[in-house]
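# Overview (structure and organization)
Residues per chain, in single letters:
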Amino acid sequence: MFYIVEENSKLENLRNLLKLGAFVDVIPGHYSFHPKLTNTTALYVRILKSIHGYIIPIDHSEGLNVDKDRILEILNSCSKLYTLNKKELLYHFPLPNAIDLSLLYSMTYFERLEYSKESSLLNYYYNKFRGKSDINRLVPLSKLYEICENLYNKVSDFINLEIPDGFKFYNNTATSVFYLLEQQGIDIFYEAFVEKFNPRDTQFNINNNTVFTSYNLYNATSRPTNSFNSINFAAIPHTKEHRKCFKPKGDYFVEFDFDGYHLRLLCEQISYKLTNESAHKQLAKLYFGKDNITDEEYTKAKQINFQAIYGKIPEEHKDLEIFKEIQEYIDAMWSMYNDNGVVWNPQSSKPFTKELKDMHPAKLMNYMMQSLETSNNVLILKEILRYLRNKKTKVVLYTYDALLFDFSKEDGKETLQEIQKILEKSNKYPVKFKFSKDLVLEE
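Throughout what follows, the structure given in this document is the object of discussion. Remember, it's a predicted structure, so these values are computed and weren't measured experimentally.

Scoring rules and cut-offs
By convention here, each chain's residues receive numbers from 1 onward along its written sequence. Restriction of local features to residues with pLDDT of at least 70 applies here, the model being predicted, together with a cutoff of 80 or more for giving and counting side-chain atom pairs; totals for whole chains, interfaces and linings are based on all residues. Only hydrogens and water are set aside; all other atoms, that is, all heavy atoms of the structure, feed into the side-chain values. Runs of E in the DSSP output that reach at least two residues are strands. Runs of H or I that reach at least four are helices, and both are numbered from the N terminus. The globule rule is 2.2 Å times the number of residues to the power 0.38, and the radius of gyration it is compared with is taken over C-alpha atoms. Exposed residues in this analysis have more than 50% of their type's maximum accessible area, buried residues have under 20%, and partly exposed residues fall in between, with area computed by a 1.4 Å probe over protein chains only. For this analysis, residues touch if any pair of their heavy atoms sits within 4.5 Å. Here the aromatic set is Phe, Tyr and Trp, taking the six-membered ring for Trp, and pairing holds for ring centres within 6.5 Å; pairs whose planes are under 30 degrees apart are stacked, those over 60 apart are edge-to-face, and all others are tilted. Only lysine NZ and arginine CZ atoms are considered, and such an atom sits over a ring when it is within 6 Å of the ring centre and within 35 degrees of the ring normal. Think of a nonpolar core as a cluster: buried Ala, Val, Leu, Ile, Met, Phe, Trp, Tyr and Cys residues, connected wherever their side-chain atoms sit within 4.5 Å. One fewer than the residue count of a helix, multiplied by 1.5 Å, yields its expected span. Strands qualify as paired when DSSP identifies two bridges or more between them. Disulfides are defined as cysteine sulfur pairs within 2.5 Å. Interaxial angles span 0 to 180 degrees and are taken between N-to-C directions of axes, which are lines fitted to C-alpha atoms, for helices over the stretch in contact. The labels follow the angle: roughly parallel below 35 degrees, roughly antiparallel above 145, roughly perpendicular from 65 to 115, and oblique for the rest. Each salt bridge in this description consists of a side-chain nitrogen of Lys or Arg and a carboxyl oxygen of Asp or Glu lying within 4 Å of one another. We define a polar contact as two N or O atoms separated by no more than 3.5 Å, with the added condition that, inside protein, one atom must be a possible hydrogen donor and the other a possible acceptor, whereas residues neighbouring each other in sequence contribute only through side-chain atom pairs.

### Regarding the overall build of the chain
Within the chain, the regular secondary structure consists of 15 helices and 17 strands. For the chain, whose C-alpha radius of gyration is 24 Å, the value lies close to the compact-globule estimate of 22 Å for 443 residues. For the chain, with 443 residues in total, the buried portion stands at 55%. Long-range pairs, those at least 24 residues apart, make up 67% of the contacts in the chain between residues at least 6 apart in sequence.

### Some words on the packing of aromatic side chains
What the rule picks out here adds up to 27 aromatic pairs. Here the aromatic rings of Phe256 and Phe405 are separated by 5.7 Å at their centres, their planes lie at 90 degrees, and the arrangement is edge-to-face. Note that Phe256 is positioned in strand 12 (residues 252-258) and Phe405 in strand 16 (residues 402-407), a separation of 149 residues in sequence. The exposure class assigned to Phe256 is buried, which follows from its relative accessible area of 2%. According to the relative accessible area criterion, Phe405 is buried, its value standing at 0%. An aromatic cluster of three or more residues is present, and its members are Tyr3, Phe23, Tyr44, Tyr145 and Tyr152. A cation over an aromatic ring shows up here: Lys68 above the ring of Phe93, its NZ or CZ 5.4 Å from the ring centre. The side chain of Lys350 reaches across the aromatic face of Tyr170, ending 5.9 Å from its centre.

### Looking at the nonpolar core
Counting 115 residues, the largest nonpolar core has Phe23, Phe193, Phe246, Ile326, Ile384 and Leu423 as its most contacted members. The leading source of residues in this core is helix 14 (residues 361-387), at eleven residues. Not counting the four nearest positions on each side in its chain, Ile384 is found in contact with Val395, Phe405, Ile419, Ile422 and Leu423. Of all hydrophobic cores here, the second largest spans 24 residues; its members include Val5, Leu72, Ile74 and Cys78.

### Focus on helix 12 (residues 295-309)
The terminal C-alpha atoms of helix 12, which comprises 15 residues, lie 21 Å apart, in line with the 21 Å expected from a rise of 1.5 Å per residue. Close packing links the buried residues of helix 12 with helix 10 (261-269), helix 11 (279-288), helix 13 (321-340) and helix 14.

### Some words on the sheet that holds strand 10 (residues 225-228)
As summarised here, the arrangement of the three strands in space is 9-10-11, forming an open sheet in which the pairing is antiparallel. Two strands lie at the open edges of the sheet, namely strand 9 (215-216) and strand 11 (231-232), each paired on one side alone. Examined bridge by bridge, strand 10 and strand 11 share two bridges and lie antiparallel to one another. When the bridges of strand 11 are listed, Phe228 appears paired with Ile231.

### As for the environment of Leu95
Relative to the helices and strands, Leu95 is located in the loop between helix 3 (86-92) and strand 5 (99-100). Here Leu95 is in contact with Leu72, Leu75, Asn76, Leu81, Lys86, Leu89 and Leu90, once residues within four sequence places are set aside.

### Looking at the state of the cysteines
Under the definition given, this model contains zero disulfides. Cys78 takes part in no disulfide bond, and the closest cysteine sulfur to it belongs to Cys148, at a distance of 16 Å. Look at Cys78 and you get buried, because its relative accessible area is 13%.

### Thoughts on helix 10
It helps to recall that an α-helix has 3.6 residues per turn; residues three or four apart then point in one direction. When you tally the buried positions in helix 10, you get seven out of nine residues, the bulk of the element. Against strand 12, helix 11, helix 12, helix 13 and helix 14 lie the buried residues of helix 10.

### Some thoughts on the packing of helix 10 against helix 14
When two helices pack together, their arrangement is given by the angle between the helix axes and the distance between those axes. The geometry of helix 10 relative to helix 14 is characterised by a closest axis approach of 10 Å and an angle of 100 degrees between their N-to-C directions. The angle between helix 10 and helix 14 falls in the class roughly perpendicular. Side by side, helix 10 and helix 14 meet where Tyr261, His262, Leu265, Leu266 and Gln269 of the first sit next to Met365, Met369, Leu372, Glu373, Asn376, Asn377 and Ile380 of the second.

### Looking at the pattern of salt bridges
Under the definition given, this model contains 20 salt bridges. Ionic pairing is found between Arg264 and Asp259, a salt bridge with its closest N-O pair at 2.9 Å. Grouping residues by exposure puts Arg264 and Asp259 together as buried. Measuring nitrogen to oxygen at the nearest pair gives 2.5 Å for the salt bridge that ties Glu383 to Lys425. Pair noted here: Glu383 is in helix 14 and Lys425 is in the loop between helix 15 (413-424) and strand 17 (431-436), with a separation of 42 residues, a long-range link. Under the relative-accessibility criterion, Lys425 is labelled partly exposed at 28%.

### A short note on the side chain of Lys117
Residue position: Lys117 is located in the loop between helix 4 (101-109) and helix 5 (120-128). Using a relative accessible area of 17% as the deciding quantity, one classes Lys117 as buried. A distance of 3.1 Å separates a polar atom in the side chain of Lys117 from a polar atom in the side chain of Asp25.

### Here we look at the pairing of strand 16
Here strand 16 lies mainly inside the structure; six of its six residues are buried. Residues of strand 16 alternate between two faces, with Ala402, Leu404 and Asp406 on one and Leu403, Phe405 and Phe407 on the opposite face, all of them buried. Alignment of strand 12 against strand 16, held across six bridges, turns out to be antiparallel. Its bridge partner lying in strand 16, Phe253 is registered against Asp406. In this sheet, strand 16 lies alongside strand 15 (residues 394-398) in antiparallel orientation, the contact comprising four bridges. Pairing of Lys394 across the sheet is with Asp406, part of strand 16. The antiparallel pairing of strand 15 with strand 16 creates a hairpin that spans three residues between the two strands, and Tyr400 there sits at a positive phi of about 70 degrees.

This is the structure we're talking about:
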């Protein structure tokens, strides 16, 4: 086939063409498997503005397979490289400067870029060899090439989209952080886990009693979801039966939970000072005019705070200084959005533009708070991952206002103290922690 690149002379010609920029799409061993658990079958390469693409066999039954290191060397010479899912690409080729086309689309239109790699022939092979992790080795290279060509033709127009403000933060920093976060997986009691969580196919993301998660970064607010193989890891049920399915590789699970996280992030924006005491309790004292707060009053204060965070200032408390400042913040943001057509996350520079549908002040406030939460957590996770790089203790799950660690006693309690220090950022974001031998965590 003319478009197969496997000989040295053709590879060198491709290297020269890559100076024009390119789109690449990895063909894994199996499209449904977690990328941690499958190999690299081939790589599709489309030179920008070319009339056709190329396919490089890497581990395919029909090809004179090319070494991945050689391909990586060639790809590193590309002037500008686009891909559909950069986080997935990193599992196959460490190309930190690749541009995530799905992310570019989602940051421009605040929707997910929908595409499919299905075909009647592919469905035939997947039905016949469902459990084979390298099933794409059997699909004819010409058909894999055809699928990639069709896919490129559907998404190529979006390559011309203007790079928005803040794109580098999410394309480089956030993508790398969540890629690294996924590497550890979480250990499980296999039979109990399968019974309680009922994954679509256990092979897709479970190996040697370890389950792997996958963070989806293409959401309007930038807040990632974490669902894979019919399991929502961002919302693990709180029943003991579900949580006892997990076990640490080390000695304990330790969960650090931020105190009143959104409230503190908002107060940071309006320069309203909070102490180390529970943020909700501090405001409860204002609402009820006393220092000793009952459990019922604390619960009511949390409800008031959540309403305020999402742009609904309670009428009976609107004259309090903090709510006046929150309302001024909401009004200023809404005014900027209407006057300029855009407001930005002050930390990551992510824009929220008039492409957003049915926008109103409370919704814009909600989006901004989720975005601030995400950008702040990305920077914290980056520091945590760097600190734990040579330790047995690992961060294994991120759930918005909490981080779960698989702690090894070999690292010593000073490791937990340092983690807490990184999380709290000089007491700006106080945390409390729970620990257990499973996910039924205790303070």
